[in-house]
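A structural walkthrough
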Amino acid sequence: KQEVTQIPAALSVPEGENLVLNCSFTDSAIYNLQWFRQDPGKGLTSLLLIQSSQREQTSGRLNASLDKSSGRSTLYIAASQPGDSATYLCAVKIAAGNKLTFGGGTRVLVKP
Amino acid sequence: DTGVSQNPRHKITKRGQNVTFRCDPISEHNRLYWYRQTLGQGPEFLTYFQNEAQLEKSRLLSDRFSAERPKGSFSTLEIQRTEQGDSAMYLCASSRRGGGEADTQYFGPGTRLTVL
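Below is a summary of the structure that appears in this document. Values in this document were obtained by computation on a predicted structure and should not be read as measured data. Position numbers for residues start from 1 in each chain and track the written sequence from start to end. The lettering of chains begins at A and the numbering of ligands begins at 1, in the order of writing. For a predicted model such as this one, the threshold for reporting local features is a pLDDT of at least 70, and the threshold for listing and counting side-chain atom pairs is 80 or more; totals across whole chains, interfaces and linings nevertheless cover every residue. Only hydrogens and water are set aside when side-chain values are computed; all heavy atoms of the structure are taken into account.

Some words on the state of the cysteines
Two cysteine sulfur atoms form a disulfide, by the criterion used here, when they sit within 2.5 Å. Counted by the stated rule, this structure contains two disulfides over all chains. Paired through a disulfide, A:Cys23 and A:Cys90 show a sulfur-sulfur distance of 2.0 Å. Residues A:Cys23 and A:Cys90 are joined through a disulfide that is right-handed, its torsion about the S-S bond being 75°. Linking A:Cys23 in strand β3 (residues 19–25) with A:Cys90 in strand β9 (residues 86–93), this pair joins segments that are 67 residues apart in sequence. Linked covalently through their sulfurs, B:Cys23 and B:Cys92 form a disulfide whose S-S length is 1.8 Å. Negative torsions about the S-S bond denote left-handed disulfides, and the value of about -70° found for B:Cys23 with B:Cys92 makes this one left-handed. Of this pair, B:Cys23 sits in strand β3 (residues 19–24) while B:Cys92 sits in strand β9 (residues 88–95); the two residues are 69 residues apart in sequence, bridging distant segments of the chain. Taken as a pair, B:Cys23 and B:Cys92 share a single burial class, namely buried. Numbering of helices and strands runs from the N terminus; a helix is a DSSP stretch of H or I covering at least four residues, while a strand is a stretch of E covering at least two. Relative accessibility decides the category of a residue: with a 1.4 Å probe and only protein chains considered, values under 20% of the type maximum give buried, values over 50% give exposed, and everything between is partly exposed.

Considerations on the interface of chain B and chain A
Any two residues whose heavy atoms approach within 4.5 Å at even a single point are treated as in contact. Taken together, the 23 residues of chain B in the interface contact 24 residues of chain A. Between chain B and chain A, the buried area comes to about 1,700 Å², and carbon and sulfur atoms account for 48% of it. By definition here, a salt bridge exists when the distance from a side-chain nitrogen of Lys or Arg to a carboxyl oxygen of Asp or Glu is within 4 Å. At the junction of chain B and chain A, the tally comes to one salt bridge. A:Lys99 is the partner of B:Glu56 in a salt bridge, and the nearest nitrogen-oxygen pair spans 3.0 Å. Within 3.5 Å is the distance limit for a polar contact, defined as a pair of N or O atoms, with the added protein rule that one can donate a hydrogen and the other accept it, and that residues adjacent in sequence qualify only through two side-chain atoms. The tally of links from chain B across to chain A stands at five residue pairs in polar contact (both at pLDDT 80 or more). Those elements that provide at least two residues to the side of chain B that touches chain A are β4 (31–37), β5 (44–50) and β9 of chain B. Residue classes follow a fixed rule: Ala, Val, Leu, Ile, Met, Phe, Trp, Tyr, Cys and Pro count as nonpolar, while Asp, Glu, Lys and Arg count as charged, and any other residue, Gly among them, counts as polar. Of the residues contributing to the side of chain B that touches chain A, the split by class is nine nonpolar, nine polar and five charged. Accessible area that two parts lose when put together, evaluated with a 1.4 Å probe and summed over both, is termed the buried area.

Take a look at the structure:
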């Protein structure tokens, strides 16, 4: 059974610092991995999707890497801003069209 | 493309009552998913439709839960005889058919259920 873990559960940084968020999964046979942002009481916003054949994806200040063999993905957010404060969730999929298995999320606070 | 919509956004009910939630996916998305999220946890998969066919159901989906997608467009999730443990955010997501970027799941704002 696929299990996804995100450590730490919470993180606080001063504005301007780079954020590094970790995600690990137990079964390396994944189809893709998706990173989401969730604001309190809201739904999920997709940030990046990495196919199993890719090593990284970038969008603006966000960069996500994937190392399937070690079962890890890392989300980097450069030059953090208070508006980046949210919970970040990673999720993996084992086949196209299949369900997502989520980690517990990392709650990020960027202090001005 | 107006995004995934869910109604109602909030529902407060008494234990033992039945509730029904609706999800309208992004138009032309033929895959639709339901997830449940409790406070401080990641979402957990409940069930999945491709067009009108329900292809997978989680063991979390007890006999009190039923989901339908009668015409392959909107979906409903009904919970019968609600219990306090059903209190959670119920999230709906949709995606297009196909692999690669088309496989991205887009989520609605969720329906928050509180069972008193």
